[in-house]
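Structural overview
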Amino acid sequence: MLSGKNILVAITGGIAAYKICELIRMYKRANANVRVVCTPSALHFVTKLTLQNLSQNEVGVEEFSPEQYKPEHISYADEADIMVIAPATANTIGKIANGICDNLLTSIACAFTKPILIAPAMNCGMWDNNFVQENISKLKNAGFTILEPESGFLACGYEGKGRLCSLEEIFNKTLETLQTQKKLTGKNILITAGGTIEPIDTVRYISNYSSGKMGIALADCAYKQGANVELVTTVDVEKPYTVTKVKTAQDMQKAVGQSFAQTDCIIMAAAVADYRAKNVANYKMKKTDDGNEISIELVKNPDILKEICQKRTTSHPLIVGFCAESENLLKNAKEKLVKKGCDYLIANDISRKDIGFSSDYNEVTILSKNGDFKKLPRAAKTEIAKSILEAIYE
Ligand code: PMT
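Residues numbered from 1 in each chain as written. Predicted model: local features only at pLDDT ≥ 70, side-chain atom pairs only at ≥ 80, totals over all residues. Heavy atoms only, no water.

1. Digging into a nonpolar patch on the surface
Judged by side-chain polarity, Y275, I294, I296 and L298 come together as a nonpolar surface patch covering roughly 390 Å² of accessible area. Along the polypeptide, L298 turns up in strand β16 (residues 298-300). (Patch = residues over 30% accessible without salt bridge, like charges linked within 9 Å, V, L, I, M, F, W, Y side chains within 5 Å. Areas by Shrake-Rupley, 256 points an atom, 1.4 Å probe, with all protein chains shown as cover. Salt bridge = Lys/Arg side-chain N within 4 Å of Asp/Glu carboxyl O. Helix = DSSP H or I, 4+ residues; strand = E, 2+ residues; numbered from the N terminus.)

Encoded structure:
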C-alpha cells in the first residue's frame, strides 16, 4: 500500500513512544521506507537500537553531523513524503507552533514543506492547558493535521483526554494523506479570493469584510495536491503559485476571462461587490455646506460567476461558486445554484461571528447541481478547503 513512499517518523519524549515501535512495523509491512528521528528525551522511553532495527535505517538524533555534506535537517526534509510526529509532547508542539528549532526534530519540522501529521499524547491537564490549545489551533490553521488524543486511562494515573490515538488511525491518515496529496497533479485551477474594492473617488471606496482567507486556503490546498494554481485576489500575498492581484469586480472579470480557456476548475470564493459607483471622481470629493445627505449613484457590476457558467459550452471547466447568506441559507443557496448555473455551490452563513467573513473558521454546506448536499461542521478554513476539494474531486 505504501510502496515507494518515504515516511519520516518523529518521536518525542512521552511514554507513548513505546507504541511507535509497532507503528514503524505497520509502515514497513506496507512496504514504506521508514526513517526515524527522535528528540533526545524520546530515547528515555525507547532505544535507538530498537528503532534502528525496526526501521532498518539509522536513527537521527544529533543535528550537526560532520559526515553529511548537507545539513541533516534539510536532507531528512527533502527525502520524506510525509512527517508523522507521534507521540507529540506539549513541549514539541509549542516549539513547532512558534518556529523554534532547538533540536533535529523541530528543525526538520520547520523546514518541511510536505504534509505533517501530529499525534499528541500527554497528561489531560496539559492537553486542556490554554497555551497548548492555542498552539494546536495555530498548527491546524497552518495546515498541519492533528490526530486528536483519545480519552481514557492515562499512564500518569489520571483519567481524561490525552492518550495517543490508535495506531490504526495514524496509519490510515498517513495512507489517506499520501493518496490524496497529489490528486490534482496537472489540473489548472483558478480560485478567486477577497472582497472587491469599488472606488468612489481617489480616497474612498465600497467593499466588504472578506479577508481572502477562505480562497487562499483553497488555493494553498490545491497547490499542495499538485494543481497548477492561479489565485485571483484583492489581497496582497506571496505564494509559490501564480497570484494575480486585482482590485475591482471588473478587474476580476477580466483576469478570470483571460485564464478561462486554460482552466479545468474555477472556484469563486471572492466576495464580489454587486454594485459600483457610476461615476468615480478623480479627486477627493469635498464635504458641502448644503444639506445633510448626498447620493452616490450605483450601477450593477458584472456577475462573473453567472457569466462564466453561461460562457462554457460543455461541462468544462468545472465551476464552483460560494453563497454568502445571512438568512434562509439553504433555501437561498438552492435558488442561487440554479440561477448562476454552476456545478457546486458552497453555502456559508455570514451572520455568524465565529465563521465566514474574516474568521479562521468556516462551516459550510456543499450543494451540487444533482441535488446532493454535504454539510461540513465548523472547522479551520484549511480543513474546510481540504474537504471541499475532496468533495469536488469525488
Ligand atoms: O474571505 P474570507 O474572510 O475568508 O470570507 C470568506 C467568504 C465569506 C467571503 C466566502 O466564504 C464566501 O462566501 N464567498 C462568496 C461571497 C459572495 O459574494 O457571495 P454571494 O452569495 O454574494 O455570491 C455568490 C457567488 O457569485 C460567489 O461565488 C461570488 O464570488 C459570485 N459573484 C457575486 C457577485 C458578482 N457580481 N459576481 C460574482 O461572480
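2. Some points on the sheet that holds strand β2 (residues 33-38)
Strand order in the open sheet made by the six strands is β3-β2-β1-β4-β5-β6, with parallel pairing throughout. Each edge of the open sheet is held by one strand with a lone partner, namely β3 (59-60) and β6 (145-146). Of the pairings in the sheet, the one linking strand β5 (residues 116-120) to β6 comprises two bridges and is parallel in character. In the strand pairing of β6, L117 is matched with T145. Where helix α1 (residues 20-29) meets the sheet, its contacts fall on β1 (6-11), β2 and β4 (82-88), and the angle it forms with β1 comes to roughly 180°. (Pairing = 2+ DSSP bridges. Contact = heavy atoms within 4.5 Å. Axes fitted to C-alpha atoms, helices over the stretch in contact; angles between N-to-C directions.)

3. Section: the side chain of T196
Looking at the element boundaries, T196 is found in the loop between β9 (188-193) and β10 (198-199). Judged by its relative accessible area of 0%, T196 is buried. Within the structure, the side chain of T196 is placed 2.8 Å from the side chain of E198, a separation counted as a polar contact. With residues near it in sequence (within four places) discarded, T196 still touches I206, S207, N208, T234, K247, T248, A249, M252, A271, V272 and A273. (Buried < 20%, exposed > 50% of the residue type's maximum accessible area, 1.4 Å probe, protein only. Polar contact = N/O pair within 3.5 Å; in protein donor to acceptor, adjacent residues only side chain to side chain.)

4. Here's the deal with the nonpolar core
One finds Y27 and I170 to be the most contacted residues of the largest nonpolar core, which totals 36 residues. Looking at this core, the elements with two or more residues in it are β1, α1, β2, β4, β5 and α8 (167-181). Element by element, the count of residues in this core is highest for α1, at six residues. If near-sequence neighbours (up to four positions away) are discounted, I170 is found in contact with L23, Y27, V84, A86, L117, A119, L147, L164 and C165. A227, I384, A385 and I388 belong to the second-largest nonpolar core, a separate cluster that totals 31 residues. (Core = buried A, V, L, I, M, F, W, Y, C linked by side-chain atoms within 4.5 Å.)

5. Section: the sheet that holds strand β18 (residues 344-349)
In spatial order, the strands read β13-β12-β9-β14-β17-β18-β19-β20; together these eight strands make up an open sheet with mixed pairing. Both outer strands of the open sheet, β13 (242-245) and β20 (373-380), are each paired with one neighbouring strand and no more. With direction set aside, neighbouring strand axes in the sheet form an average angle of 15°. Here helix α11 (residues 304-311) sits on the sheet in contact with β14 (265-268) and β17 (318-325), set at roughly 155° to β17.

6. A look at the packing of aromatic side chains
Counted according to the given criterion, the structure contains two aromatic pairs. With 5.3 Å between their ring centres and 50° between their planes, Y223 and Y241 make a pair best called tilted. Note that Y223 is positioned in helix α9 (residues 213-224) and Y241 in the loop between β12 (228-233) and β13, a separation of 18 residues in sequence. On the basis of relative accessibility, which here comes to 9%, the residue Y241 falls in the buried class. Across from the ring centre of Y361, 4.2 Å away, lies the NZ or CZ of R378, which sits over that ring. (Phe/Tyr/Trp six-rings, centres within 6.5 Å; stacked < 30°, edge-to-face > 60°. Lys NZ or Arg CZ within 6 Å of the ring centre and 35° of its normal.)

7. Examining the pairing of strand β7 (residues 150-153)
Sheet topology places β7 next to strand β8 (residues 159-163); four bridges connect them, and they run antiparallel. Its bridge partner lying in β8, E150 is registered against R163.

8. A closer look at the site of the ligand
Around the ligand, the structure places 29 residues, and the nearest of them are S210, S211, K336, N348 and S358. I304 places a main-chain nitrogen or oxygen 3.2 Å from a nitrogen atom of the ligand. One nitrogen or oxygen atom from the main chain of A324 is found 3.0 Å from an oxygen atom belonging to the ligand. Its free accessible area being 770 Å², the ligand has 96% of it covered by the protein chains. If you tally residues by element for the shell around the ligand, the top one is β17, at four residues. Among the residues making up the shell around the ligand, the classes are represented as 15 nonpolar, eight polar and six charged. (Near = heavy atom within 4 Å. Nonpolar A, V, L, I, M, F, W, Y, C, P; charged D, E, K, R; others polar.)

9. Comments concerning helix α4 (residues 90-97)
Along an α-helix, residues three or four positions apart point the same way, because every turn accommodates 3.6 residues. Counting buried positions along α4 gives seven out of eight residues, so the element sits mostly inside the fold. Looking at α4, one finds that the buried residues are A90, T92, I93, G94, K95, I96 and A97. On its buried side, α4 packs onto β4, α5 (104-111), β5, α6 (124-128) and α7 (130-141).

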